[in-house]
Amino acid sequence: MKLLFAIVQNDDQKSLTYALIERNINVTRIASTGGFLRGGNSTLMIGVEADRLDETLQVIREYSRRRQVVTVPASGIPHNIDSAAMPMSVTVGGATVFVLDVQDTFKY
Ligand code: 2BA
């Protein structure tokens, strides 16, 4: 079994979650905050059998759109002292996915 952590934009998480559930892929949504932008995103925790990994990644790819965000980073970001005066353009999304091997799963 594989455990995926997919960090996605809040705008995408609803349709992505529906698409996964539709395919009988179990998912748990965790509200999360990006360290750089300090904005809300969502982390989907997904446990799947190894033979459904590719299918799951394909769904995530399909429902996570890449978009451009222009932002003024919060002060306090290292090496970015002038950030308040210099808005910077950051490409954020679609999804950052971590795939881990699962040793055991128990449901009691
Ligand atoms: P944030 O940390 O808020 O980062 C948002 C976007 O800002 C990133 O998009 C990236 O394009 C940009 N960014 C991040 N750090 C930067 C830096 N030091 N200088 C310039 N630009 C920077 P994504 O790469 O698509 O990441 C989206 C979110 O996924 C991140 O939100 C973070 O919550 C998570 N993430 C990405 N890589 C990660 C990692 N290796 N470990 C844990 N979480 C990660």
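Quick note: structure is the one above.
What counts as what
- Residues numbered from 1 in each chain as written.
- Predicted model: local features only at pLDDT ≥ 70, side-chain atom pairs only at ≥ 80, totals over all residues.
- Heavy atoms only, no water.
- Helix = DSSP H or I, 4+ residues; strand = E, 2+ residues; numbered from the N terminus.
- Polar contact = N/O pair within 3.5 Å; in protein donor to acceptor, adjacent residues only side chain to side chain.
- Contact = heavy atoms within 4.5 Å.
- Salt bridge = Lys/Arg side-chain N within 4 Å of Asp/Glu carboxyl O.
- Buried < 20%, exposed > 50% of the residue type's maximum accessible area, 1.4 Å probe, protein only.
- Pairing = 2+ DSSP bridges.
- Axes fitted to C-alpha atoms, helices over the stretch in contact; angles between N-to-C directions.
- Near = heavy atom within 4 Å.
- Nonpolar A, V, L, I, M, F, W, Y, C, P; charged D, E, K, R; others polar.
- Core = buried A, V, L, I, M, F, W, Y, C linked by side-chain atoms within 4.5 Å.

(A) Just the side chain of serine 64, in detail. Relative to the helices and strands, serine 64 resides in the loop between helix H2 (53-63) and strand S4 (67-71). Among the polar contacts made by the side chain of serine 64, one reaches the main-chain carbonyl oxygen of isoleucine 60 at a distance of 2.7 Å. Residues contacting serine 64, with those up to four places away along its chain left out, are Val8, Asp12, Leu16, Gly94 and Ala95.

(B) Region of the structure containing the environment of methionine 1. For methionine 1, the position within the fold is in the segment before strand S1 (2-9). Taking C-alpha positions, methionine 1 is 8.9 Å from leucine 53, a pair spaced 52 residues apart along the chain. Setting aside its immediate chain neighbours within four residues, methionine 1 contacts Gly47, Val48, Glu49, Ala50, Leu100, Asp101, Val102 and Thr105.

(C) Spotlight on the pattern of salt bridges. Enumeration according to the criterion identifies three salt bridges in this entry. Between lysine 2 and aspartate 101 there is a salt bridge, with the nearest N and O atoms lying 2.4 Å from each other. Of this pair, lysine 2 sits in strand S1 while aspartate 101 sits in strand S6 (residues 95-101), and the two are 99 residues apart along the sequence. Relative accessible area serves as the criterion here: at 62%, aspartate 101 is assigned to the exposed category.

(D) Representation of the sheet that holds S6 within the structure. If you trace the four strands from one edge of the open sheet to the other, you get S2-S3-S1-S6, paired in antiparallel fashion. Edge positions in the open sheet fall to strand S2 (27-33) and S6, since each of these has one partner strand only. Looking at each pair of strands side by side, their axes are set apart by 20° on average, direction ignored. As paired strands, S1 and strand S3 (residues 40-48) are joined by eight bridges and run antiparallel to one another. In the sheet register, alanine 6 faces S3, and the bridge partner there is leucine 44. Sheet strands in contact with helix H1 (residues 10-22) are S1, S2 and S3, and its direction is about 20° off that of S3. Sheet strands touched by H2: S1, S3 and S6. Its angle to S1, the strand with the most contacts, is close to 5°.

(E) View of the site of the ligand. Around the ligand lies a shell formed by Ile7, Gly34, Gly35, Phe36, Leu37, Asn41, Val90, Thr91, Val92, Gly93, Thr96 and Phe98. At a separation of 3.2 Å, an oxygen atom of the ligand approaches a polar backbone atom of glycine 35. One nitrogen or oxygen atom from the side chain of asparagine 41 is found 3.1 Å from an oxygen atom belonging to the ligand. Mapped onto the shell around the ligand, the elements with two or more residues apiece are strand S5 (88-92) and S6. Tallying contributions element by element places S5 first for the shell around the ligand, with three residues. Taken together, the residues of the shell around the ligand sort by class into six nonpolar, six polar and no charged.

(F) Structural context of the nonpolar core. Grouped together as the largest cluster of nonpolar side chains are 14 residues, with contacts concentrated most on Leu4, Leu16, Leu20, Leu44, Ile46 and Ile60. Among the secondary structure elements, those contributing two or more residues to this core are S1, H1, S3 and H2. With residues up to four places along the chain from it excluded, the contact list for leucine 20 reads Ile25, Val27, Leu44, Ile46, Thr56 and Val59.

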